[in-house]
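Understanding the architecture of this molecule
Chain by chain, the residues run as shown.
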Amino acid sequence: MLFKIYRYDPDKDAKPYMQEYDVELQSTDRMLLDALIRIKAMDDTLSLRRSCREGVCGSDAMNINGKNGLACITKLSDLKTPVEIRPLPGMPVIRDLVVDMSQFFKQYHSVKPFLVNDTPPPDKERKQSPEERAELDGLYECILCACCSTSCPSFWWNPDKFVGPAGLLQAYRFLADSRDQATSERLDNLEDPYRLFRCHSIMNCVDVCPKGLNPTKAIGKIKDMLVKRMV
Amino acid sequence: MSFPVRKFDAVIVGAGGSGLRASLQLAEAGYNVAVLSKVFPTRSHTVAAQGGVGAALGNMGEDSWHWHMYDTVKGSDWLGDQDAIEFMCREAPKSILELEHFGMPFDRNEDGTVYQRPFGGHMQNFGAGPAVQRSCCAADRTGHAMLHTLYQRNVRANANFFVEWMALDLIRDDSGQVVGVTAMEMESGDVFIFHAKAVLFATGGAGRVYASSTNAFINTGDGLGIVSRAGIPLEDMEFWQFHPTGVSGAGVLITEGVRGEGGYLLNKDGERFMERYAPNAKDLASRDVVARAMATEIKEGRGCGEGADHVLLKLDHLGEQLIDSKLPGIREIAKKFANVDPARDPIPVVPTCHYMMGGIPTNYRGEVVAPRGSDMEAVVPGLYAAGECACASVHGANRLGTNSLTDLLVFGKSAGNSTIEFLKENKSHKELPSDAGELTRARLNRLNNQTGGESVSEVGAALRDTMQRTCGVFRFPDLLESGVREIKEVEQRVARTEIKDKSKVFNTARVEALELDNLIEVAVASLVSAEARKESRGAHDRADFAERDDVNWLKHSLWFKEGSKLDYKAVHMEPLTVETIAPKVRTY
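Starting afresh in each chain, residues are numbered from 1 along the sequence in its written order. Each chain gets a letter, beginning with A, and each ligand a number, beginning with 1, in the order they are written. The predicted nature of this model means local features are confined to residues of pLDDT at least 70 and side-chain atom pairs, given and counted, to a pLDDT of 80 or more, with totals for whole chains, interfaces and linings taken over all residues. Note: side-chain values were computed over all heavy atoms of the structure, leaving out hydrogens and water.

**Focus: the overall build of chain B**
As a reminder, the rule being used: Numbering goes from the N terminus for both helices and strands, where a helix is a DSSP run of H or I of at least four residues and a strand is a run of E of at least two. Computation of the radius of gyration draws on C-alpha atoms alone. For the globule rule, the value is 2.2 Å times the number of residues to the power 0.38. Burial classes follow relative accessibility: with a 1.4 Å probe on protein chains only, a residue under 20% of its type's maximum area counts as buried, one over 50% as exposed, and anything between as partly exposed. We call two residues in contact whenever any of their non-hydrogen atoms come within 4.5 Å of each other.
Across its full length, chain B carries 16 helices and 20 strands. Computed over C-alpha atoms, the radius of gyration of chain B comes to 23 Å, within 12% of the 25 Å expected from 2.2 N^0.38 for 588 residues, which places it in the range of a compact globule. Taking the principal axes of the C-alpha coordinates as reference, chain B spans close to 70 × 55 × 50 Å. Going through the 588 residues of chain B one by one, you find that 70% of them count as buried. When contacts within chain B are restricted to residue pairs at least 6 apart in sequence, those whose partners lie at least 24 apart make up 74%.

Listed below in structure tokens is the structure:
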């Protein structure tokens, strides 16, 4: 199977280039990550992140034939050849398929992604009904792989100002939590022409999310909360 | 020329569940702590835990920490230390409530309390049964929910993370006190000395010593390799858990929670064979028991599929609605990795390496202990360990499902607290020895200058193949003996690995070579300890010594890197406040 992979090592390369690899796959090679590991065994200079190899850790996000996804849960049989693999778009490349995620995590941290509840906790759990808990479904499962934010033109243009779909999904995860008390501070923090309102609902994020989550819907709910707050 | 030095009160190596729980204690107490992690914290392997975390909250019916303790001792086949087990089971409910208060999205009951599901080996009434619902969960993504919650709480506490830094070697002074570690920043390739008053290892498991494993690529036993090179022994390394339900061929985990929710195993005749092996607990017997039963079915020709090499996990009778609410991640994994929709068809599964019961010897306070003179458990000053890399020992010869998350919460916190106590008494840094960093420099120089060596992937494959063939679910004397010989040959090859990539920048070839240095210590320790233990106990099942032998073998193994020697120490049979749970025949 033929692969074309983005290569760049600032230690020796003046500029990036695409390298071709023709790999003989084994019957056990099911996912793209299996093929990349076989390539790495042939050429140990190829750098990429990977860990869980089952789609839960979010390490091996990359651009595969033009679309962001996780290598470990992308089936080889679904890929058109030659398979073109590039680092996540819009991020500074450290080396090969490894990008600098600092800006992405900075935006995640900026939404205060932790429960705020200043009342002293009870001796037992803070009660939450199954219905209240169900509000968190589709939100808490985010794996911070950055497939969504790096497929979003608004995030490409303003990565320092626009929170991006992943960060906003997590902002709503805490707004939606019946135990959280910081609703108005959270909304204040997002009521800004850039932080929230750069989302133009083009839904690239929904299209690429490897966990099937819907950041656009969550962003819509935050906008609803802001509107309700005004009236 | 020595490496540049950075100074901290303490260094925590690893940012999975136990590392994050420990760092939270230290960050909230205001200490200057560096938390080193090879990956961004939420990418640590705790993220992959599925079915739940065990604690006797009693939300679903009567339960008590004392029953939980009994089940854990019995599950450990009496090799677990009863003081540590009592401590864990008593603290567990408090740890869960803390996490809930931190914001963990646990599933809920109608009355608003945390939902708990049944799990293997967890029973009512001191093992008499029936099964108890003790596993607190967030659908089948409990580890993910827990790891993210702990990371989020650390963000709130302003913990100081060094993301994509790999710890390389321990630094001890002449008295043996721990004074720091060396670590490499992966992005730049630069190595630093982290000079600290205390070092806490939370590096997780090492399941990547096996060819077929549920473990992430990062699980390479780094903490174990590092301490063993620094003269500290590894405890009970012969005990490896094979999870009954790894996806056949792929090795990806399918939670025991599937059986907790009512799923069961079938052989090729459609027989629910666990009824024969464990008449009471059936599919919810302890993992070692279920894994052996499955391996026996396959060995005796009752396996399924063309190769008759797996059995089937049936759950379609649970209904699509329950599967989607309680086991959605499993449905996703089965579709992706087994090409079946479990709401319609059973999942092909095989026992797969999953968890390391052994590790760095500690007491229940998370202090690392090693023999000194006649004291088999002298505290190593300044050194702590928690979670899967540590051996407290609460899991003994076999861990119960849900107890890994319980372990990392309880002991992450207690090791953090012990570190704080130590820092209160030790206000200043001990001086670095004059040769600080030399071992690391020698290892890196060797790797950079090596010519004519083998590739890391080739030697790594030989290591994994050796473990898989010779140290599996069933163990045979001839295989163990040849395994020891073979792994010592692999050890020679590890010392001559060669990488083509010499770049400074994000050199993952170098990282993998350095990881292999740790994997080999784990593999040698496992095989040498397994070959020597002439009994069957928990996950260690020998064809030539089929019974447990409490007269000769109710003791912990200690493997020392120097000379690859073994020693043994007593099991703590005395709990902290209750009576000893005396050994008896273990049936489910």
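**Details of the overall build of chain A**
What counts is decided by this rule: Every accessible area reported is derived by Shrake-Rupley at a probe size of 1.4 Å, with residue values counting cover from the shown protein chains alone. The positive count covers Lys and Arg only, the negative count covers Asp and Glu only, and His and the chain ends enter neither. For the purpose of locating charges, the reference atoms are NZ of Lys, CZ of Arg, CG of Asp and CD of Glu.
When helices and strands are tallied, chain A shows eight helices and seven strands. Taken along the three principal axes of its C-alpha coordinates, chain A extends 60 × 35 × 30 Å. In chain A, which comprises 231 residues, the share counted as buried stands at 56%. In chain A, once contacts between residues fewer than 6 apart in sequence are set aside, the share between residues at least 24 apart is 63%. Accessible area of chain A: about 9,900 Å², with a carbon and sulfur share of 51%. The average position of the 33 basic charges and that of the 33 acidic charges among the side chains of chain A differ by 1 Å.

**Considering the nonpolar core**
So the rule is basically this: Here, the term nonpolar core denotes a set of buried Ala, Val, Leu, Ile, Met, Phe, Trp, Tyr and Cys residues that are joined through side-chain atoms within 4.5 Å.
Residues Phe 3 of chain A together with Ile 347 and Phe 411 of chain B are the most contacted members of the largest nonpolar core, which totals 176 residues. The element that contributes the greatest number of residues to this core is helix 3 (residues 82-102) of chain B, accounting for ten residues. With residues up to four places along the chain from it excluded, the contact list for Phe 3 of chain A reads Gln 19, Glu 20, Tyr 21, Val 23, Leu 32, Ala 35, Ile 39, Leu 76, Val 83 and Ile 85 of chain A.

**As for the side chain of Arg 50 of chain A**
Mapped onto the elements, Arg 50 of chain A comes out in the loop between helix 1 (32-42) and strand 3 (61-64). The buried category is assigned to Arg 50 of chain A, whose relative accessible area is 17%. With sequence-adjacent residues up to four places away left out, Arg 50 of chain A is seen in contact with Leu 33, Ser 59 and Asp 60 of chain A together with Phe 217 and Glu 512 of chain B.

**So, the pairing of strand 2 (residues 33-37) of chain B**
Residue and element names in this part refer to chain B. Operational definition: Any two strands with at least two DSSP bridges between them are considered paired. Seen with its strands pointing away from the viewer, a crossover is right-handed when the path leading from the first strand over the helix to the second is clockwise.
Of all five residues that make up strand 2, five are buried, and the element is covered over most of its length. Burial along strand 2 is two-sided: Val 33, Val 35 and Ser 37 and Ala 34 and Leu 36, pointing in opposite directions, are all buried. As defined by bridge partners, strand 1 (residues 5-13) adjoins strand 2 across four bridges and the pair is classed as parallel. Across the sheet, the residue bridging to Ala 10 is Val 33, located in strand 2. Note on the crossover from strand 1 through helix 1 (residues 17-28) to strand 2: the handedness is right-handed. Across three bridges, the pairing between strand 2 and strand 6 (residues 161-163) is parallel. Looking at strand 6, one finds that Leu 36 is bridged to Phe 162.

**A look at empty space enclosed by the protein**
Residues and elements named next belong to chain B. Rules: Grid points spaced at 1 Å and placed over the protein atoms alone form the basis of the search, with a cavity being a set where a 1.4 Å probe fits but cannot get out and a pocket an open set showing protein on both sides within 12 Å along at least five of seven lines. Lining residues have an atom within 4 Å of a point. Grid points are joined across faces, edges and corners, and a volume is the space filled by probe spheres set on the points. Only Asp, Glu, Lys and Arg are considered charged in this grouping, and only Ala, Val, Leu, Ile, Met, Phe, Trp, Tyr, Cys and Pro are considered nonpolar; every other residue, Gly among them, is considered polar.
Across all of its chains, the model carries ten cavities of 30 Å³ or more by this definition. Surrounding the largest cavity, 47 residues form its lining, His 45, Thr 46, Gly 204, Asn 219 and Glu 388 being those nearest its centre. Broken down by secondary-structure element, the contributors of at least two residues to the lining of the largest cavity are helix 1, strand 2, strand 7 (165-172), strand 14 (347-356) and helix 11 (403-425). A breakdown of the residues in the lining of the largest cavity according to their chemical character gives 16 nonpolar, 25 polar and six charged. Estimated volume of the second largest cavity: approximately 200 Å³.

By themselves these figures say nothing about function.
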